[in-house]
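# Architecture and fold: a report
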Amino acid sequence: MRYFAGARAAVGTDTEVRDATTLADLVGQIVDDHGARLERVLTACSFLVDGTSTRDRAVALHPGAVVDVLPPFAGG
């Protein structure tokens, strides 16, 4: 899992390794571990799963999947 911008600030690290079967499971794990500040940031985030954009938290994750947490970016 890789964090960017505000998500990275909320977590305090660029990356971490997790074991989850769905994006929803993964989000639940990170919110449980990192708390309300990250949960607030995640409400505006989109995710890349192996390079494919998704907001569908039911998407399945295979072992070794790369998940990027992307808050909205300002500017262009």
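This is a predicted model, so every value here is computed, not measured.

## Side note on the pattern of salt bridges
- Scanning all chains against the criterion turns up four salt bridges.
- Here Asp 68 and Arg 2 are joined by a salt bridge, their closest N and O atoms 2.5 Å apart. With a gap of 66 residues between them, Asp 68 in strand β4 (residues 67-70) and Arg 2 in strand β1 (residues 2-3) connect regions that are remote in the sequence.
- According to the relative accessible area criterion, Arg 2 is partly exposed, its value standing at 37%.
- One salt bridge connects Asp 14 with Arg 8, and the closest N-O pair in it is separated by 3.6 Å.
- With a relative accessible area of 45%, Asp 14 lands in the partly exposed category.

## Structural notes on the pairing of β4
- Alternating residues of β4 divide into Val 67 and Val 69 and Asp 68 and Leu 70, and every residue in both groups is buried.
- Across two bridges, β1 lies against β4 in parallel orientation. Counterpart to Tyr 3 in the pairing with β4 is Val 69.
- As judged from the four bridges shared by strand β2 (residues 46-49) and β4, these two strands associate in the antiparallel manner.

Criteria and cut-off values
Residues numbered from 1 in each chain as written. Predicted model: local features only at pLDDT ≥ 70, side-chain atom pairs only at ≥ 80, totals over all residues. Heavy atoms only, no water. Salt bridge = Lys/Arg side-chain N within 4 Å of Asp/Glu carboxyl O. Helix = DSSP H or I, 4+ residues; strand = E, 2+ residues; numbered from the N terminus. Buried < 20%, exposed > 50% of the residue type's maximum accessible area, 1.4 Å probe, protein only. Pairing = 2+ DSSP bridges.

Nothing here speaks to function; it is geometry throughout.
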